[in-house]
Amino acid sequence: MNYKMIRYTLGWLLLFEAAFLTVPLATAITYSVMGTVNPSEYDTEWWSMYSLLISMGICIGMGILMTVRKPKNRSLYSRDGLVIVALGWIFLSVFGAIPFVISGAIPNYIDALFETASGFSTTGSSIIPAVEELPKSMLMWRSFTHWVGGMGVLVFIMAFLPLGGAQNLHIMRAESPGPTVSKLVPKMRTTALILYLIYFILTVAMFIILLFDPGTDAQNGKMTVFEALNTAFATAGTGGFGIINDSLGGFSSFAQIVVTVFMLIFSINFSSYYLLYKRRLKDAFNLEIRIFLLIVIIAIAAITLNIYFADFSESMDEMVITNSAGEISSDIGADGRYSFLNALKHAAFNVATIISTSGFGTENFAAWPELSQVIIVLLMFIGACAGSTGGGLKVSRVLILVKGIGRELKAAIHPRQVKKITIDKRPVENEIVRSVNAYMICYIVVFILLLLLVSIDPYVTDLTTAFTSVAATINNIGPGLGAIGPASNFAGFSYFSKIVLTFSMIAGRLELLPMLLLFAPSTWRKN
Amino acid sequence: MNIIIVGCSKVGETLASQLGKENNNVTMIDLSSEKINDITTRYDVMGIVGNGATHTTLVEAGIDSADLLIAVTDSDELNLLCCMIAKKTGKCRVIARVTSPEYNADIPYLKDELGLEMIINPEFAAAEEIARVLRFPSAMKIETFGKGRVELLTFKLPDSSNLVGMKVKEVVTKLKSDILICTVDRDGEAYIPNGDFTFCGKDVISIIASPRKASTFFKKINFAVHAVKDVIIAGGDELTHYLCDLLKSSGISIKIIEKDAECCDELCSKFTDATVINGDYADQELLEEEGLKNTDAFLALTKHDEQNIIISLFAKGFDKTKIVTKINRNEYEAIIKHLDLDTAIYPKNITADIIVRYVRAMRNAIGSNVETMYSIIPDKVEASEFSVREGSPITEAPLAGLRFKSDVLVAAILRGRTVIIPRGHDVIKAGDSVIIVSKHRVLRDISDILETRRDA
């Protein structure tokens with residue numbers, strides 16, 4: 001273990017976190033010094049500006065202390081890369097929670113840690129009952145953590161900081177989602193830059209489109225610049241923090257459709273966009289993406305029909321998401337039914353929000369018919385494509401697992417048949433198949449352990465809540481079903497459960513291995 | 001520059017590491033996914049699994065935007081095919097490694113007709129290096145600059161030399177030798193010595209000098225330079241064939257010991273002047289009978305590294321003999337350093353060096369004006385040749401008046417046909433070629449050696 005290099009990299013990570021904090025700081029300055037908000041918010045913005053400055057000071061101080069001595073030996077091995085990533089994400093969350101506590105937005109540190117980890121891991125599970133009451137700058141910091149976490153913080157650092165040569169691949173492998181990681185271009189740094197450029201362009205595009213929001217009607221205005229920026233950040237990272245309690249339910253259909261489309265765009269492998277740009281259409285629309293789109297279409301069709309024919313007249317009260325202003329939002333008509341277009345819109349939105357692992361909400365799907373709920377839970381596990389900002393198992397892994405089952409079945413019929421799993425007519429190496437299988441088992445074991453730990457909590461009264469709380473955090477989705485459906489939040493859990501779920505979120509984002517390694521004694525042993 | 005390397009052999013790996021470090025975009029192609037996985041985790045390069053001689057794989061590797069393709073697989077035919085397909089598909093330059101002597105004669109034809117920029121034969125390159133060392137047996141290694149006008153010689157200082165205990169500045173004052181001490185490698189530590197540096201026995205010293213002055217220098221320090229008159233070569237493989245060709249006209253008498261009778265037949269029909277002996281080169285009696293004790297040079301050039309090392313160590317017992325050992329596996333390099341062998345020749349390293357030199361020259365056209373570059377002590381000290389342009393800040397004052405960065409040395413100035421070993425009063429002029437020795441530095445332009453002035 002190259003402890004010095006780990007310390008040095010983590011030091012840089014804190015310096016970068018201080019840089020990230022300038023985004024909410026700019027928001028605070030805009031709303032306080034420029035005085036563009038109503039007087040009641042004026043003071044809180046001033047105070048959150050100070051809290052952000054203090055947090056930045058802490059990050060910079062620690063960062064400088066850790067980076068002042070440059071390590072001579074800069075070589076990193078696979079193990080170091082994994083440890084850097086795991087510790088890095090813990091550091092990010094631990095320090096990123098400070099402004100919430102100092103500003104008083106989230107007074108309890110454990111709550112703040114949960115919220116920050118939820119942000120960086122792009123989960124979107126929240127413990128805040130009334131989001132609107134938070135200072136604008138704190139809302140911005142929440143959304144921005146999604147954006148930073150979506151693509152990976154250490155990849156970002158690598159794009160801008162020459163930390164070392166080839167060994168950076170270990171860091172990228174540990175941080176990027178999916179069973180395999182390949183470079184787009186020979187140079188690691190250029191690859192990281194290209195990925196961030198794509199990410200940046202797509203985010204800006206979404207932000208601009210959202211500004212054209214026509215609004216719902218005369219009173220309910222369109223998206224403000226602040227709202228559009230936050231929504232763009234949270235969608236790009238497939239995070240799902242809302243800036244008002246009813247998430248996107250209160251916004252116009254236009255905004256909801258734009259977010260639906262972009263959630264799907266951000267859950268497709270980013271290298272496809274690069275290949276598209278290079279006009280390699282065949283490579284861009286690979287099997288994973290075709291299957292992903294197929295799953296999306298089938299799920300939308302099934303849920304649309306299911307909720308279109310369902311009668312909600314008896315469960316109208318459960319359906320609505322009430323925001324703190326007491327306004328209710330639901331598109332169900334007076335007869336307790338969706339119109340076909342509304343059914344389609346909400347089915348599409350919720351399928352996108354779950355499969356992309358964003359976790360925005362429009363309608364309370366926890367009150368939908370069982371079939372729709374089960375489909376939604378299935379989508380939670382499948383997740384997005386590898387190499388995107390989404391979480392879950394990843395379509396490519398599911399694909400390999402399903403094809404693996406097919407191979408076993410064939411082997412039962414023709415025991416001597418030699419068969420390799422192929423994707424896009426290319427054989428998948430046994431090594432990868434093995435690692436995907438191992439990942440699946442690891443995933444199930446971790447899932448069960450977390451489920452046991454969460455069940456200790458007296459707040460958890462039903463299996464649905466326990467099960468989906470772990471599923472929603474480990475897959476980085478956000479809302480679950482039962483007591484943590486889109487209409488409610490995670491505030492009621494005990495502190496112990498919150499810490500368990502915080503671990504679940506970060507472990508899920510980093511795809512288990514880096515976080516599990518922290519618990520292996522041999523990781524810390526000297527060679 | 002975008003470079004595609006076909007074949008993850010040892011040469012390919014050395015190239016990937018070196019060229020990747022020099023900020024080129026390197027893509028490796030190999031059939032074995034294991035090798036590709038290994039190489040992409042260790043170096044910052046992209047890997048593609050596939051046959052480099054297929055159009056599809058080359059397109060996938062980005063042949064359209066590649067500047068250079070280097071084919072260094074173990075198969076000559078595959079390398080040539082790769083290059084031909086690359087030539088047809090892209091606009092890149094191509095380099096092929098071709099080992100077989102049959103193709104060696106065809107190199108000019110292949111270059112002209114197939115448009116290959118460079119064909120490199122590791123065995124032939126090794127033979128050339130051996131021939132150079134034989135001309136100057138005191139040196140372990142000889143590199144040439146400025147089309148052969150300047151030589152960079154590396155030698156190990158024997159304890160008996162009168163240079164031991166002398167200071168660097170006394171080389172000029174006492175010995176009156178017009179040579180320049182570039183680097184000293186002492187116990188694995190590299191030094192660029194200043195005037196007060198004192199020499200010790202067993203130092204590995206590299207000097208820059210013109211060939212004639214170098215030989216007078218060696219006489220003055222009691223490090224006898226007697227030209228090699230006869231050699232014994234153990235092993236009659238390709239390398240021996242090439243070497244005999246090169247030595248044909250030099251007047252050196254050659255004795256070849258080879259186990260295989262057929263090989264012996266071939267050798268003696270091809271080289272009528274050489275004495276070919278059919279016998280076991282590991283047989284001590286045979287070696288002594290054939291005059292190992294009195295020969296000037298003994299070359300261990302068999303196929304097996306271990307055998308080469310062992311018979312070289314045996315021959316080492318006769319201290320007048322110059323010993324050259326061929327080593328195929330670069331992995332042995334670190335171990336061999338401890339064995340105190342005389343000159344070890346690594347055909348694979350030589351190949352990689354030559355290709356890297358070519359790539360640097362190619363880059364030269366793009367910006368940096370390095371003409372050639374040699375590593376004197378691998379990964380530590382390099383010597384580079386620069387051409388000086390009009391208006392370069394280095395031409396402004398005599399060398400004594402310029403402020404150089406630390407660990408940088410102006411080793412030689414080539415002006416027209418003359419070679420100047422620079423002293424403080426010399427001035428560099430535009431149009432000169434200058435050889436710079438530097439430690440731990442990437443130099444892109446001659447002005448990089450100057451301390452940046454604060455008032456500028």
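See the structure above.
Treat the numbers as computed from the prediction; the structure is a model and nothing was measured. (Residues numbered from 1 in each chain as written. Chains lettered and ligands numbered in written order. Predicted model: local features only at pLDDT ≥ 70, side-chain atom pairs only at ≥ 80, totals over all residues. Heavy atoms only, no water.)

## A look at the overall build of chain B
Across its full length, chain B carries 15 helices and 22 strands. Taking 23 Å as the expected radius of gyration for a compact globule of 456 residues, we find that chain B reaches 23 Å, a close match to that expectation. Seen along its three principal axes, the alpha-carbon backbone of chain B occupies a region of about 65 × 60 × 40 Å. Counting only residues that meet the buried cut, chain B has 54% of its 456 residues in that class. A sequence separation of at least 24 residues applies to 60% of the contacts in chain B between residues at least 6 apart. Chain B carries 56 positive and 68 negative side-chain charges, and their two centres are separated by 9 Å. (Helix = DSSP H or I, 4+ residues; strand = E, 2+ residues; numbered from the N terminus. Rg over C-alpha atoms; globule rule 2.2 N^0.38 Å. Buried < 20%, exposed > 50% of the residue type's maximum accessible area, 1.4 Å probe, protein only. Contact = heavy atoms within 4.5 Å. Lys, Arg positive; Asp, Glu negative; His and termini not counted. Charge placed at Lys NZ, Arg CZ, Asp CG, Glu CD.)

## Remarks on the sheet that holds strand β8 (residues 150-156) of chain B
Residue and element names in this part refer to chain B. The sheet built from 5 strands is open, its strands ordered β7-β8-β11-β9-β10 with antiparallel pairing. Each edge of the open sheet carries a strand with a single partner, namely β7 (141-145) and β10 (189-191). Averaged over all adjacent pairs, the angle separating strand axes in this sheet is 15°, with direction ignored. With 6 bridges joining them, β8 and strand β11 (residues 204-209) adopt antiparallel strand pairing. The residue of β11 that forms the bridge with Leu153 is Ile207. (Pairing = 2+ DSSP bridges. Axes fitted to C-alpha atoms, helices over the stretch in contact; angles between N-to-C directions.)

## Some details on the interface of chain A and chain B
Listed as interface residues are 14 residues of chain A and, on the opposing side, 16 residues of chain B. A combined buried area of about 1200 Å² lies between chain A and chain B, and 45% of that area is made up of carbon and sulfur atoms. At the boundary of chain A and chain B, one finds 1 salt bridge. Salt-bridge contacts for A:Arg426 lead to B:Glu60; the nearest nitrogen and oxygen are separated by 3.0 Å. Where chain A packs against chain B, one counts 4 residue pairs in polar contact (both at pLDDT 80 or more). With 3 residues, the single largest contributor to the side of chain A that touches chain B is helix α9 (residues 168-175) of chain A. Each residue belonging to the side of chain A that touches chain B can be placed in one class, and the counts come to 6 nonpolar, 2 polar and 6 charged. (Buried area = accessible area lost by both parts, 1.4 Å probe. Salt bridge = Lys/Arg side-chain N within 4 Å of Asp/Glu carboxyl O. Polar contact = N/O pair within 3.5 Å; in protein donor to acceptor, adjacent residues only side chain to side chain. Nonpolar A, V, L, I, M, F, W, Y, C, P; charged D, E, K, R; others polar.)

## Here's the deal with a nonpolar patch on the surface
Residue and element names in this part refer to chain A. A grouping of Trp47, Tyr50, Leu53, Ile54, Ile58 and Met62 is seen on the molecular surface, where their side chains present a nonpolar patch of about 530 Å² in accessible area. Within the fold, Trp47 resides in helix α3 (residues 39-67). The exposure class of Trp47 is partly exposed, given its relative accessible area of 42%. (Patch = residues over 30% accessible without salt bridge, like charges linked within 9 Å, V, L, I, M, F, W, Y side chains within 5 Å. Areas by Shrake-Rupley, 256 points an atom, 1.4 Å probe, with all protein chains shown as cover.)

## Observations concerning the pairing of β11(B)
Residue and element names in this part refer to chain B. Across the 6 residues that make up β11, a large majority, 6, are buried. Residues Val204, Ser206 and Ile208 point to one face of β11 and Ile205, Ile207 and Ala209 to the other, with burial holding for every one of them. Bridge count for strand β9 (residues 180-186) against β11 is 5 bridges, and the pairing is antiparallel. When the bridges of β11 are listed, Val184 appears paired with Ile205.

## Comments concerning the side chain of B:Asp203
All names here are of chain B. As for its position among the elements, Asp203 is in the loop between β10 and β11. Reaching out from Asp203, the side chain makes a polar contact with the side chain of Arg186 at a distance of 2.8 Å. Not counting residues up to four positions away in its chain, the partners in contact with Asp203 are Phe155, Lys156, Leu157, Val184, Asp185 and Arg186.

## Re the packing of aromatic side chains
Residue and element names in this part refer to chain A. Enumeration according to the criterion identifies 41 aromatic pairs over all chains in this entry. For the cation-ring pair, Lys136 lies above Tyr31, with the distance from its terminal atom to the ring centre recorded as 5.9 Å. Here the guanidinium or amino end of Arg397 rests over the ring plane of Tyr439, the centre of that ring lying 3.8 Å away. (Phe/Tyr/Trp six-rings, centres within 6.5 Å; stacked < 30°, edge-to-face > 60°. Lys NZ or Arg CZ within 6 Å of the ring centre and 35° of its normal.)

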